[in-house]
Amino acid sequence: MTKKFWILMLALIMALAVAFACGGDDDDDDDGDDDDDPGLGDSGVIHGFVRDFQTKVEVNNADVEAVNDETGESFDPPLTFTTGADGEVSFEISSEEEFVGILVKKEGSLDTIQFHFKVGLANEEFLLINEGTRDLMLLSLDIDMDESKAVVAGGIYWGDPLDEDAVGCSMVSFEPDDGVGVYYFGPDALPNAARTVPDGQTSSNGQGTLEGYAQSDDHALSYYVSVNKTPDTDVKLFASIYSVENADLDGAKDDDVDGDVDDDVDDDVDDDADDDADDDEPSFTSVREKNVIPLLKANTATIVNVYFPRTTYDANPTPAWCTE
């Protein structure tokens, strides 16, 4: 072979080497401003599937956005994705972000946002509440939705997002309390106003139970919803579980769970009434856990779960009477 041939071959090899070295970056320069580059520096990945809240079927053609987990606001530039037929979503996220929120939108559905997804996890579930489900919920509760208000829904679980069991007969509350009611779901994954009791200390028709069912039998039975919430930021969400003289909460490892165990929780009863009460009347103890909702947005559903961690509770803290 001639010297000219080897010179041409060497030039070709060098050109290919340069091409492969540059192939990972679509930018003409290194300023990170190209549309194909989110411009967030080193990244991790958050991966999952958009599913319908009620049916759990994958949703196609949904617009999905990863948002700041502390504020609910868009990143700069925004991180967006449109799902295909399988509902799959994957984002590259800045290494500066440990958690993100996921906002899902689609025509005919209520904008739905979830917070506290850990960057680096795969096969997460991003939920979307369609307008049909919303209308069924409103009909079952006989209430109207104010589009200037927010919706909050979710579940109460023992464990963590990767290993969760439904918890029954909890009471859900918010701080600040805007006076809007909380409703609990039946096995049809729809809320039922008849399943609400006023104080959480009554075994008959207790919250989160339906006659013949225990809440822990089905995840749908751990769901709650609150409609027409006042838009706000940094709202605390509490899940409290009551027992008679702590007999049903011996799964808790400590008497004081995160400082949130309340003895004789009926604060509305004054000292004189306590003195006159029947000595045989049971006293109640509660344990509670909380989550923080960064943003409640008008005409948007925010899905937030509360977890009773296995590191604190040896057993599912569902009260023993939570089968009635």
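Predicted model, so just to flag it, every value in this text is computed and none were measured.

Parameters and conventions
- Residues numbered from 1 in each chain as written.
- Predicted model: local features only at pLDDT ≥ 70, side-chain atom pairs only at ≥ 80, totals over all residues.
- Heavy atoms only, no water.
- Helix = DSSP H or I, 4+ residues; strand = E, 2+ residues; numbered from the N terminus.
- Contact = heavy atoms within 4.5 Å.
- Salt bridge = Lys/Arg side-chain N within 4 Å of Asp/Glu carboxyl O.
- Buried < 20%, exposed > 50% of the residue type's maximum accessible area, 1.4 Å probe, protein only.
- Phe/Tyr/Trp six-rings, centres within 6.5 Å; stacked < 30°, edge-to-face > 60°.
- Lys NZ or Arg CZ within 6 Å of the ring centre and 35° of its normal.
- Pairing = 2+ DSSP bridges.
- Patch = residues over 30% accessible without salt bridge, like charges linked within 9 Å, V, L, I, M, F, W, Y side chains within 5 Å.
- Areas by Shrake-Rupley, 256 points an atom, 1.4 Å probe, with all protein chains shown as cover.
- Lys, Arg positive; Asp, Glu negative; His and termini not counted.
- Charge placed at Lys NZ, Arg CZ, Asp CG, Glu CD.
- pLDDT = per-residue confidence, 0-100.
- Arc of directions from axis to C-beta.
- Polar contact = N/O pair within 3.5 Å; in protein donor to acceptor, adjacent residues only side chain to side chain.
- Core = buried A, V, L, I, M, F, W, Y, C linked by side-chain atoms within 4.5 Å.

Asker: Is there a simple way to explain the overall build of the protein chain in this structure?
Answerer: A tally of helices and strands in the protein chain yields three helices and 18 strands. Put simply, of all contacts in the protein chain between residues at least 6 apart along the chain, 71% involve residues at least 24 apart.

Asker: Just checking my understanding: could you explain the pattern of salt bridges for this structure?
Answerer: Any two side chains of opposite charge can pair, on the condition that their charged atoms come close. With the rule as written, the count across this model stands at seven salt bridges. A salt bridge links R51 to E58; the nearest nitrogen and oxygen atoms lie 2.9 Å apart. Judged by its relative accessible area of 18%, R51 falls in the buried class. We note a salt bridge from R51 to E125, for which the minimum N-O separation is 3.6 Å. Of this pair, R51 sits in strand β1 (residues 43–52) while E125 sits in strand β7 (residues 124–130); the two residues are 74 residues apart in sequence, bridging distant segments of the chain.

Asker: Got a minute to help me understand unusual backbone geometry in this structure?
Answerer: Note: most residues except glycine have negative phi, and most peptide bonds are trans. For the bond from D76 to P77, the omega torsion is 0°, close enough to zero to count as cis. As for its placement among the helices and strands, P77 is situated in strand β3 (residues 74–82). Residue D142 is not a glycine yet carries a positive backbone phi of 60°. Along the chain, D142 turns up in the loop between α2 (131–141) and β8 (150–160). Of note in the backbone geometry, N299 takes a positive phi value of approximately 55° without being a glycine. Look at N299 and you get partly exposed, because its relative accessible area is 28%.

Asker: Explanation requested: the packing of aromatic side chains in the structure shown.
Answerer: Centre-to-centre distance and the angle between the planes together describe a pair of aromatic rings. This structure, assessed with the given rule, holds five aromatic pairs. Look at F308 and Y313: their rings are 5.3 Å apart centre to centre, the planes differ by 70°, and that puts the pair in the edge-to-face class. Residue classification places Y313 among the buried positions, given a relative accessible area of 1%. Over the aromatic face of W158 sits the side chain of R310, whose NZ or CZ is 4.0 Å from the ring centroid.

Asker: I tried to follow the pairing of strand β9 (residues 163–166) on my own but got confused; where do I start?
Answerer: Successive residues of a regular strand alternate their side chains across the two faces of the sheet. Pairing geometry for β8 and β9, over four bridges, is antiparallel. By the bridge assignment, D160 is partnered in β9 with D163.

Asker: Teacher, can you tell me more about a negative patch on the surface here?
Answerer: On the surface, E107, E131, D146 and E147 cluster together into a patch of negative charge. For E131, the position within the fold is in helix α2. Take E131: its relative accessible area is 32%, and that puts it in the partly exposed class.

Asker: What should I look at first to understand the side chain of T300 in this one?
Answerer: Here T300 shows up in strand β17 (residues 300–303). The class of T300 is buried, set by a relative accessible area of 5%. Apart from the residues within four sequence positions on either side, T300 is in contact with L110, D111, T112, I113, K149, A150 and V151.

Asker: What am I meant to see in the environment of V227 here?
Answerer: Mapped onto the secondary structure, V227 falls in strand β13 (residues 223–229). For the pair V227 and M137, spaced 90 residues apart in the sequence, the C-alpha separation amounts to 9.5 Å. Contact partners of V227, with chain neighbours within four places excluded, come to L138, I143, M145, A150, V151, V180 and G181.

Asker: Explanation requested: the confidence of the model for the protein chain in the structure shown.
Answerer: Reading predicted coordinates in detail is not appropriate for stretches of low pLDDT. Here the protein chain shows a mean pLDDT of 74. Residues at 70 or above account for 63%. Note on residues 209–217: pLDDT under 50 across the span, and 30 contacts to partners over four residues away in sequence or across chains. Confidence over residues 253–282 falls short of pLDDT 50; this stretch has 34 contacts with residues more than four positions distant or in other chains.

Asker: Please explain α2 as it appears in this structure.
Answerer: Two residues of an α-helix separated by three or four positions point the same way, owing to the 3.6 residues in each turn. Restricting attention to buried positions, one finds in α2 the residues T133, R134, M137, L138 and L141. Down the axis, α2 shows its buried residues gathered within 135° of arc, on one side only. On the buried face of α2, the contacting elements are β6 (109–118), β7, β11 (183–185), β12 (191–192) and β13. Where α2 begins, the capping side chain belongs to N130, and its oxygen is found 2.9 Å from the backbone nitrogen of G132. D142, located one to two residues past α2, shows a positive phi value of around 60°.

Asker: Just checking my understanding: could you explain the side chain of S109 for this structure?
Answerer: Mapped onto the fold, S109 is located in strand β6. When near neighbours in sequence (up to four residues on either side) are disregarded, S109 contacts L128, I129, N130 and E131.

Asker: Sorry, what's going on with the nonpolar core here?
Answerer: When a protein is soluble and globular, its nonpolar side chains tend to lie buried together. In this structure, I156, V172, F174, Y224, L237, I293 and F308 are the most contacted members of the largest nonpolar core, which totals 23 residues. Residue assignment for this core shows that the elements contributing at least two residues are β8, β10 (170–175), β14 (232–244), β16 (284–296) and β18 (306–308). With five residues, the top contributor of residues to this core is β14. In contact with V172, not counting residues within four places along its chain, are I156, V182, Y184, Y224, L237 and F238. Counting residues in each nonpolar core, the second largest holds 20 residues, with F53, L110, L141 and M145 among its members.

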